[in-house]
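The lines below spell out each chain.
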Amino acid sequence: MDKEAQLIEELVNNALYRMDESTRMIKKSLEEISDEEIWQKPNSSLNSIANLMLHLCGNISQYIISSLGETEDLRNRDAEFNATGGLTKTAVLKKLEDTVNTAKRVIFDTTSEQYLKVRQVQGFSFSGVGIVLHAVEHYSYHTGQIAFWVKQLKEKDLGFYEGVDLRVTNEE
């Protein structure tokens, strides 16, 4: 395998791993809250967990599925934030998982040429690599917000790395 192919494979593997980690953390967070709490807003300037999850679906769809996957952009960003109920946490989680799984397939199937191609998304110019980095970072960012809000609601640690010694130092 040539260096370019190895580099793309490494990018893909790490992007898929990070997306799976965010999904795992959101699922663990949702175990702690009710269907009502998923729609609760900390205050009027913040979004509910459900709104954040719908927003993640929209963002991942727009960036990965539509732009990188070269399909039509059907995103309605305002609807992600205007929703106030009507879906259970199971339904919102299924929507997110389905979106992430589709995006992961697109990331896996993308060619080197598509990773280098620059495109316009939300008025920004990104290569395919930039699109993946944005989507993964954005997913992680909102995962942290969701975890924080659940910790705030339940006054407890969520144990994302329970059983893992995170104090181990780096090795060469």
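Shown above is the structure to which this text applies.
In this text the structure is predicted, and so the values were computed from the model without any measurement.

### Let's talk about the packing of helix α2 (residues 49–68) against helix α4 (residues 89–109)
The N-to-C vectors of α2 and α4 enclose an angle of 20°; their axes lie 9 Å apart at closest approach. The angle between the axes of α2 and α4 places the two elements in the roughly parallel class. Viewed along their axes, α2 and α4 form a crossing whose handedness is left-handed. Listed contacts from α4 to A50, M53, L54, L56, C57, I60, S61, I64, I65 and L68 of α2 are V92, L93, K95, L96, T99, V100, T102, A103, V106 and I107.

### As for α4
An ideal rise of 1.5 Å per residue puts 30 Å on 21 residues; α4 measures up with 30 Å between its terminal C-alpha atoms. Among all positions of α4, only K89, V92, L93, L96, T99, V100, A103, K104, V106 and I107 are buried. Projected down its long axis, α4 shows its buried positions confined to an angular sector of 160°, all on one face. Those residues of α4 that are buried are in contact with α1 (3–30), α2, α5 (112–116) and α6 (128–154).

Rules of the game
Residues numbered from 1 in each chain as written. Predicted model: local features only at pLDDT ≥ 70, side-chain atom pairs only at ≥ 80, totals over all residues. Heavy atoms only, no water. Axes fitted to C-alpha atoms, helices over the stretch in contact; angles between N-to-C directions. Helix = DSSP H or I, 4+ residues; strand = E, 2+ residues; numbered from the N terminus. Parallel < 35°, antiparallel > 145°, perpendicular 65-115°, else oblique. Left-handed = near helix turned anticlockwise from the far one by under 90°. Contact = heavy atoms within 4.5 Å. Expected span 1.5 Å × (residues − 1). Buried < 20%, exposed > 50% of the residue type's maximum accessible area, 1.4 Å probe, protein only. Arc of directions from axis to C-beta.

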